[in-house]
Amino acid sequence: ISLFCKKNNFKLAIKSRKKFPIIKNINKYADIFIDDEEDYFYPSLFQESILASQFVIGYFSTAVREVVALNKMYINIQPDNDFFDNRKDRLLRHATTLYSRYNYPGVVENFKLREFISKFDKIKKSFFKINQENLYKYKSTFLGINKNKIGSKLFYDLLKKLKEN
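Attention now moves to the packing of aromatic side chains. Counted under the stated rule, the structure contains 18 aromatic pairs. Where Phe4 meets Phe55, the ring centres are 6.4 Å apart and the plane angle is 65°; that geometry is what we call edge-to-face. Highlighted residues: Phe4 in helix α1 (residues 2-7) and Phe55 in strand β3 (residues 55-58), separated in sequence by 51 residues. In this structure, Phe4 and Phe55 share a single accessibility class: buried. The interplanar angle of 10° and the centroid separation of 3.9 Å between the aromatic rings of Phe55 and Phe128 together place this pair among those described as stacked. Taken together, the residues span a long stretch of sequence, with Phe55 in strand β3 and Phe128 in the loop between α5 (113-119) and α6 (132-143) at a distance of 73 residues.

Reading across the sheet, the 3 strands line up as β3-β4-β5 and stay open at both edges, with parallel pairing between neighbours. Of all the strands in the sheet, the pair left with one neighbour each is β3 and β5 (108-112). Taking the axes of each pair of neighbouring strands and ignoring which way they run, one obtains an average angle of 20° across the sheet. Across 4 bridges, β3 lies against strand β4 (residues 73-78) in parallel orientation. Looking at the pairing, Gly58 lines up with Asn76 of β4.

With that out of the way, let us pick up unusual backbone geometry. Note: most peptide bonds trans; most residues except glycine with negative phi. Positive phi outside glycine occurs at Phe60, with the angle close to 45°. Assignment of secondary structure puts Phe60 in the loop between β3 and α3 (63-69). Of note in this structure, Asn71 is not a glycine but carries a positive phi near 65°. Tracing the backbone through its elements, the reader meets Asn71 in the loop between α3 and β4. By relative accessible area, Asn71 is classed as partly exposed at 41%.

Rules used in this analysis
- Residues numbered from 1 in each chain as written.
- Predicted model: local features only at pLDDT ≥ 70, side-chain atom pairs only at ≥ 80, totals over all residues.
- Heavy atoms only, no water.
- Phe/Tyr/Trp six-rings, centres within 6.5 Å; stacked < 30°, edge-to-face > 60°.
- Helix = DSSP H or I, 4+ residues; strand = E, 2+ residues; numbered from the N terminus.
- Buried < 20%, exposed > 50% of the residue type's maximum accessible area, 1.4 Å probe, protein only.
- Pairing = 2+ DSSP bridges.
- Axes fitted to C-alpha atoms, helices over the stretch in contact; angles between N-to-C directions.

See below:
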């Protein structure tokens, strides 16, 4: 990732989390290291960092919601199934089928771990351009930005069921 950033004139920012230990020699790879104590909620240091980013890389993080809500691309790194002890419940929760939370073309791009390692440094900057139509669809599906439409549909569906009975 560091080499890719250098090659494409990106700055690599790495943010810590309280629950994970800090990686030794992180400054060797990162241009910016954000030591987040996670002491305040809104806007969080993470949310402020997203705004300054062109894209965010993670693996099966619920942060995908915040990233997409702020109109940034999320790159999901999909570890091998044994990462989840091959547990079906965990694998289903982290589905990467096309148009799922972690694999939505032009919005959330999914890479299997080995694929990420072998291909990421060859990606062009244009890859990170958000597909606006899919961004809207993703937000509608996973973030509920069309609450009125969804709420109205539910209301009228329930009303119809009541009238039928």
